[in-house]
Amino acid sequence: MSWKPPTTRERGTSGRVPGALYGSLLLEQPKHRATVDAFHAFIDAPGPVALEVGMDNATVLIDHAHTFPDTRWVGLEIRRRKVERAKSAAPENAYLWAMDARTVFATVLPPARLSQVDIWFPTPTENGNHVLFGPAFVADVARALAPGGVLTISTDVYGLWMFIEGLLTDWQPTAAPPRGDARSRRERVCRRQELPVYGGSFTPRA
Ligand SMILES: C[S@@+](CC[C@H](N)C(=O)[O-])C[C@H]1O[C@@H](n2cnc3c(N)ncnc32)[C@H](O)[C@@H]1O
């Protein structure tokens, strides 16, 4: 699949994330206070916190939560129904949230809390409002990672990988964190169809 970055709007000084689902000020609304508090209580508990963006039906996230029980696993996915369906299978060290990752990173994640961010096969959207990766998102991820924290990305869309790699000039390649046995839906498709997969694991340069 060929992909070229669509036109996106830059994030202004207001801190709003252009195109974020329901607007990135969503979580400042009083009706979301309890949800944000619950999220903070989850990530404030002792131990490492890892986060997966676009977890789909949470197969990988839930497998990771079982395989690495000392880590607290956050899964973000904009498709609410998928999240609701997956919740019943999630162990206590997994927090599944139907929320735009751009909003979570920009507005509620404290600095230096995450040990790991996994993004398996980000959507190769042609709608500029829906593009996940951009300079501001990458800066937010860098801020949210603890020293030595690792961002792992994979995609079978070469143009998307070229675009993402171009945003990671202040990052250096590093070893991939250990994984469980589960593979994501797209990853399984790529294996079956023997599609090339691009990506890697990176940490911000000190
Ligand atoms: C191409 S699918 C890949 C799903 C899964 N990770 C896999 O490897 O099969 C991308 C996923 O990211 C989700 N997504 C897209 N933009 C998102 C965002 N801003 N925040 C959270 N999830 C997002 C989509 O709903 C979709 O489930």
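Owing to the predicted nature of the structure, the values given are computational and were not obtained by experimental measurement.

Participant: How do you make sense of the overall build of the protein when you look at a structure like this?
Facilitator: When helices and strands are counted, the protein shows 7 helices and 7 strands. Secondary structure elements in the protein, listed N-terminal to C-terminal, are α-β-α-β-α-β-α-β-α-β-α-β-α-β. Its C-alpha radius of gyration of 16 Å places the protein within 12% of the 17 Å reference for a compact globule of 206 residues. The C-alpha extent of the protein, read off along each of the three principal axes, is 40 × 40 × 40 Å.

Participant: Would you explain the site of the ligand in this entry?
Facilitator: In the vicinity of the ligand lie 16 residues, with Gly54, Glu77, Arg79, Ser184 and Arg186 positioned nearest. For the ligand, a nitrogen atom lies 2.8 Å from a polar atom in the backbone of Trp120. Burial of the ligand by the surrounding chains reaches 88%, relative to a free accessible area of 600 Å². When residues of the shell around the ligand are traced back to their parent elements, those giving at least two are α4 (101–108) and α7 (185–193). Within the shell around the ligand, the residues separate by chemical class into 6 nonpolar, 3 polar and 7 charged.

Participant: Could you clarify how one ought to interpret the pattern of salt bridges in this entry?
Facilitator: Between side chains of opposite charge, a pair can form when the charged atoms approach closely. Counted under the stated rule, the structure contains 12 salt bridges. A salt bridge links Arg33 to Asp37, with the nearest nitrogen and oxygen atoms 3.2 Å apart. Pair noted here: Arg33 and Asp37 are both in helix α1 (residues 33–44), with a separation of 4 residues, about one helical turn. Put simply, Arg79 and Glu77 hold a salt bridge, and the shortest N to O gap is 3.4 Å. For Glu77, a relative accessible area of 6% translates into the label buried. Salt bridges here are not isolated pairs; linked through shared partners, they connect Asp56, Glu77, Arg79, Lys82 and Arg185.

Participant: What should I look at first to understand the side chain of Ser201 in this one?
Facilitator: By the element assignment, Ser201 lies in strand β7 (residues 198–204). Classification of Ser201 by relative accessible area gives buried; the value is 7%. Within polar-contact distance, the side chain of Ser201 engages the side chain of Thr152 at 2.8 Å. The contacts of Ser201, once residues within four sequence positions are left out, are Val150, Leu151, Thr152, Gln172, Pro173, Thr174, Ala175, Ala176 and Pro177.

Participant: How do you make sense of α4 when you look at a structure like this?
Facilitator: Each full turn of the α-helix corresponds to 3.6 residues, which orients residues three or four apart in the same direction. Within α4, 6 of the 8 residues are buried, which leaves it mostly tucked inside the rest of the structure. Among the residues of α4, those classed as buried are Ala101, Arg102, Thr103, Val104, Phe105 and Val108.

Participant: In this structure, what is going on with the packing of aromatic side chains? I would like to understand it.
Facilitator: The geometry of an aromatic ring pair is captured by the separation of the ring centres together with the interplanar angle, meaning the angle of the planes. Tallying each qualifying case throughout the model produces 10 aromatic pairs. Pairing Phe133 with Phe137 gives two aromatic rings, centres 5.5 Å apart and planes at 85°, and the pair type is edge-to-face. The exposure class assigned to Phe133 is buried, which follows from its relative accessible area of 5%. Each residue in the set Phe39, Phe42, Tyr95 and Trp97 is aromatic and connected to the rest through ring pairs, giving one cluster. The ring of Phe42 carries Arg72 above its face, with NZ or CZ at 4.2 Å from the centroid. Against the face of Trp120 rests Arg179, its NZ or CZ located 4.1 Å from the ring centre.

Participant: Would you mind going over the sheet that holds strand β1 (residues 49–53) with me for this structure?
Facilitator: With mixed pairing, 7 strands are arranged side by side in an open sheet as β3-β2-β1-β4-β5-β7-β6. The open sheet has two free edges, formed respectively by β3 (94–97) and β6 (171–173), since each of these has just one partner strand. Across the sheet, the mean angle separating the axes of adjacent strands is 20° when strand polarity is ignored. Inspection of the sheet shows strand β2 (residues 72–76) paired to β3 by 4 bridges, in the parallel sense. Paired with Trp73 across the two strands is Ala94, which belongs to β3. Packed onto the sheet, α4 meets β1, β2, β3 and β4 (114–120) and runs at close to 145° relative to β1.

Calculation notes
- Residues numbered from 1 in each chain as written.
- Predicted model: local features only at pLDDT ≥ 70, side-chain atom pairs only at ≥ 80, totals over all residues.
- Heavy atoms only, no water.
- Helix = DSSP H or I, 4+ residues; strand = E, 2+ residues; numbered from the N terminus.
- Rg over C-alpha atoms; globule rule 2.2 N^0.38 Å.
- Near = heavy atom within 4 Å.
- Polar contact = N/O pair within 3.5 Å; in protein donor to acceptor, adjacent residues only side chain to side chain.
- Areas by Shrake-Rupley, 256 points an atom, 1.4 Å probe, with all protein chains shown as cover.
- Nonpolar A, V, L, I, M, F, W, Y, C, P; charged D, E, K, R; others polar.
- Salt bridge = Lys/Arg side-chain N within 4 Å of Asp/Glu carboxyl O.
- Buried < 20%, exposed > 50% of the residue type's maximum accessible area, 1.4 Å probe, protein only.
- Contact = heavy atoms within 4.5 Å.
- Phe/Tyr/Trp six-rings, centres within 6.5 Å; stacked < 30°, edge-to-face > 60°.
- Lys NZ or Arg CZ within 6 Å of the ring centre and 35° of its normal.
- Pairing = 2+ DSSP bridges.
- Axes fitted to C-alpha atoms, helices over the stretch in contact; angles between N-to-C directions.

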